[in-house]
Amino acid sequence: MPLDPAVNSLGFAKPPSETRVVVAMSGGVDSSVVAAMLAEQGYDVVGVTLQLYDHGAALAKKGACCAGRDIHDARRVAEEMGFPHYVLDYENVFKEAVMDEFAESYLAGATPVPCIRCNERVKFKDLLETAKDLDADCMATGHYIQRMMGDSGPELHSAADPTKDQSYFLFSTTPAQLDYLRFPLGHHASKEETRALARKYGLALADKPDSQDICFVPDGNYASVIEKLRPGAAEPGDIVDTDGKVLAQHNGVIHYTIGQRRGLGIGGLSTPLYVVKLDVDKRHVIVGPKEMLTTRTVPVREINWLGDDAFDAVAERHVSVKVRSTKPPVEAVLRPLSATTAEVDLLTPEEGVSPGQACVFYDGDSSRIFGGGWIWRGY
């Protein structure tokens, strides 16, 4: 009997030339290198770029993905490497699935993370289905995260480079999506390895800066975007202390976030005050001492579980968690309340835990990610 064909680098038992892979191309260095690398290896590559928001605004803005310049850059890479490239208009889907919720969440006093919702509801949902419609065997992205095969199937693991790891933004990747996705850059030791590959392939964007802002939020000015999405949202109100005493006025709750200290307009106090709560109904920005930002208990819902057993199969799990994208994981006890809700007890209290942020679960003894959920206002 003939031997089984060797498994290729994407995990399929057939030659690269017979393996079709759709590459989600943002126009940045990372996804461009993924597309070029797979094309060089002989895969049947199809590049797809999503137009997510208004082109006119995009062309005037640097440092955001999926803008007009980025679409041009992605198309140029496809031309240079000789594979087809398509631009899909997802503006309506993106506005409904990501931007509208971002505005509503902010108006409700939360601190949303739209990049997670974009991955969950657009890139890994609608785009992934488009990849299947194109008869692709898998879809590859430029995210810095690792997919490894375990005893029970594909597992999600942190990137080899902790400074580039994007696991916080990808915790809601489902097992079914993980089965179809590939992340060729996750094992790179540094971003410089990726840029070196871009230079090797002769890509003009080898030194293109990384995007920094949320793509539809120019210069990080959340309030201006929300005012455009929800006219009249920036209604003035009072800045009050925890006893309800009026200390100052503000020009809209949407201009404040939990943990904020600067820009409150309150002077002459011996103890610095921080935003500890936002009461949208009363239009109150509530301030207090720094210790009021500290919490040990974090309520989590909409949990996506990537462990091998059922999430609520045990009463508690000892894990590490991230409650903010910029902070390292900390030790915690995860107590399931149902298949999709839980309470997280932090062994060391954290400051500035805010509704609307994600709480991501990690194996404290390895690089594996067990999923995560959304922090809500239950504490």
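The structure under discussion appears in the preceding block.
Below you will find a few notes about this structure. Quick caveat: nothing in here was measured; it's all calculated off a predicted structure. Counting restarts for each chain, with residues numbered from 1 along the sequence as it is written. Selection of residues for local features in this predicted model requires a pLDDT of at least 70, selection of side-chain atom pairs for listing and counting requires 80 or more, and totals for whole chains, interfaces and linings are taken over all residues. With hydrogens and water excluded, all non-hydrogen atoms of the structure serve as input to the side-chain values.

Our focus in this paragraph is the packing of helix 4 (residues 91-107) against helix 5 (residues 114-133). Here helix 4 crosses helix 5 at 160 degrees, and the two axes come no closer than 9 Å. Here helix 4 lies roughly antiparallel to helix 5, going by the angle between them. The two elements helix 4 and helix 5 meet at a crossing, and its hand is right-handed. Taken together, the residues of helix 5 that come into contact with helix 4 (itself represented by Val93, Phe94, Ala97, Val98, Glu101 and Phe102) are Pro114, Arg117, Cys118, Arg121, Val122 and Asp126. Inter-axis angles, ranging from 0 to 180 degrees, are taken between N-to-C directions of lines fitted to C-alpha atoms, where helices are fitted over the stretch in contact. Each helix is a run of H or I in the DSSP string that is no shorter than four residues. Each strand is a run of E no shorter than two, and both are numbered from the N terminus. An angle below 35 degrees is treated as roughly parallel, one above 145 as roughly antiparallel, one from 65 to 115 as roughly perpendicular, and anything else as oblique. Throughout, a crossing is termed right-handed when the near helix is turned clockwise from the far one, and left-handed when it is turned anticlockwise from it by less than a right angle. Contacts are assigned to residue pairs with any non-hydrogen atoms lying within 4.5 Å of each other.

Note that soluble globular proteins tend to have their nonpolar side chains buried in a common cluster. By size, the foremost hydrophobic cluster in this structure holds 50 residues, and its most contacted members are Leu52, Phe94, Val122, Met139 and Phe216. Of all elements in the fold, only strand 1 (20-24), strand 2 (44-51), helix 4, helix 5, helix 6 (175-180), helix 8 (222-229), strand 16 (358-362) and strand 17 (368-375) reach the threshold of two or more residues within this core. Not counting the four nearest positions on each side in its chain, valine 122 is found in contact with Leu50, Leu52, Tyr90, Val93, Phe94, Ala97, Val98, Arg117 and Leu127. By convention a nonpolar core is built from buried Ala, Val, Leu, Ile, Met, Phe, Trp, Tyr and Cys residues, the set being connected through side-chain atoms within 4.5 Å. Residue exposure (1.4 Å probe, protein chains only): buried if accessible area is under 20% of the type maximum, exposed if over 50%, otherwise partly exposed. With 30 residues, the next largest nonpolar core counts Val23, Val45, Tyr144 and Tyr201 among its residues.

Turning our attention to the sheet that holds strand 9 (residues 246-250). Each strand in a sheet pairs with its neighbour through backbone hydrogen bonds, running either in the same direction (parallel) or in the opposite one (antiparallel). Note: two strands are recorded as paired if DSSP finds a minimum of 2 bridges between them. Spatial ordering of the open sheet is given by 9-8-11-10, a layout of four strands whose pairing is mixed. With one partner strand each, in any of the chains shown, strand 9 and strand 10 (274-279) form the two edges of the open sheet. In this sheet, adjacent strand axes meet at a mean angle of 30 degrees when their direction is disregarded. Inspection of the sheet shows strand 8 (residues 237-240) paired to strand 11 (residues 284-288) by three bridges, in the parallel sense. If you follow isoleucine 239 over to strand 11, its bridge partner there is valine 285.

Even without being glycine, aspartate 135 reaches a positive phi, approximately 60 degrees. Considering the arrangement of structural elements, one finds aspartate 135 in the loop between helix 5 and strand 4 (138-140). We classify aspartate 135 as exposed; its relative accessible area is 61%. Backbone geometry places glutamate 302, a non-glycine residue, at a positive phi of 50 degrees. Looking at where glutamate 302 falls in the secondary structure, it is placed in strand 12 (residues 294-305).

One ladder, built from four bridges, connects strand 8 with strand 9; its direction is antiparallel. Residue glycine 237 lies in a different strand from strand 9, and its bridge partner there is histidine 250. What sits between strand 8 and strand 9 in their antiparallel hairpin is a turn of five residues, with glycine 244 showing a positive phi close to 90 degrees.

Looking now at the environment of glutamine 357. One can find glutamine 357 in the loop between strand 15 (342-351) and strand 16. Under the relative-accessibility criterion, glutamine 357 is labelled buried at 13%. Considered as a pair, glutamine 357 and tryptophan 376 are 19 residues apart in the sequence and their alpha carbons are 8.0 Å apart. Beyond its immediate stretch of four places on either side in the chain, glutamine 357 contacts Thr111, Pro112, Val113, Tyr168, Val323, Arg324, Gly373, Trp374 and Ile375. Two N or O atoms count as a polar contact when they lie within 3.5 Å, although within protein this holds only if one can serve as hydrogen donor and the other as acceptor, and sequence-adjacent residues are included solely when both atoms are side-chain atoms. A polar atom in the side chain of glutamine 357 sits 2.8 Å from the backbone oxygen of threonine 111.

Any Lys or Arg side-chain nitrogen found within 4 Å of a carboxyl oxygen on Asp or Glu counts as a salt bridge. Here the structure, examined in full by the defined rule, presents 30 salt bridges. With a closest N to O distance of 3.3 Å, lysine 191 and aspartate 30 form a salt bridge. Of the two residues, lysine 191 sits in helix 7 (residues 191-200) while aspartate 30 sits in helix 1 (residues 29-40), which places them 161 residues apart along the sequence. Linked through salt bridges whose partners overlap, the residues forming this network are Asp30, Lys164, Lys191, Arg195 and Asp210.

Attention now moves to the sheet that holds strand 1. The strand order across the open sheet built from five strands is 3-2-1-4-7, with neighbouring strands paired in parallel fashion. The sheet terminates laterally at strand 3 (85-89) and strand 7 (181-182), the two strands that pair on one side only. Note: strand 4 against strand 7, two bridges, orientation parallel. Bridging from a neighbouring strand, alanine 140 pairs with arginine 182 of strand 7. Relative to strand 4, helix 5 is tilted by about 135 degrees, and along the sheet it contacts strand 1, strand 2, strand 3, strand 4 and strand 7.

A few words now on the environment of alanine 206. Mapped onto the secondary structure, alanine 206 falls in the loop between helix 7 and helix 8. Put simply, alanine 206 and threonine 271 are 65 residues apart on the chain and 49 Å apart in space, counted from C-alpha to C-alpha. Sequence-distant contacts of alanine 206, that is, excluding residues within four places in its chain, are made with Val29, Arg195, Ala198 and Arg199.

Now for the pairing of strand 10. Most of strand 10 sits out of view: five of its six residues are buried. Note that strand 10 and strand 11 share five bridges and pair antiparallel. Residue pairing for strand 11: leucine 278 is matched across the bridge by valine 285. As consecutive antiparallel partners, strand 10 and strand 11 are separated by four residues, and within that stretch arginine 283 has a phi angle of approximately 60 degrees, a positive value.

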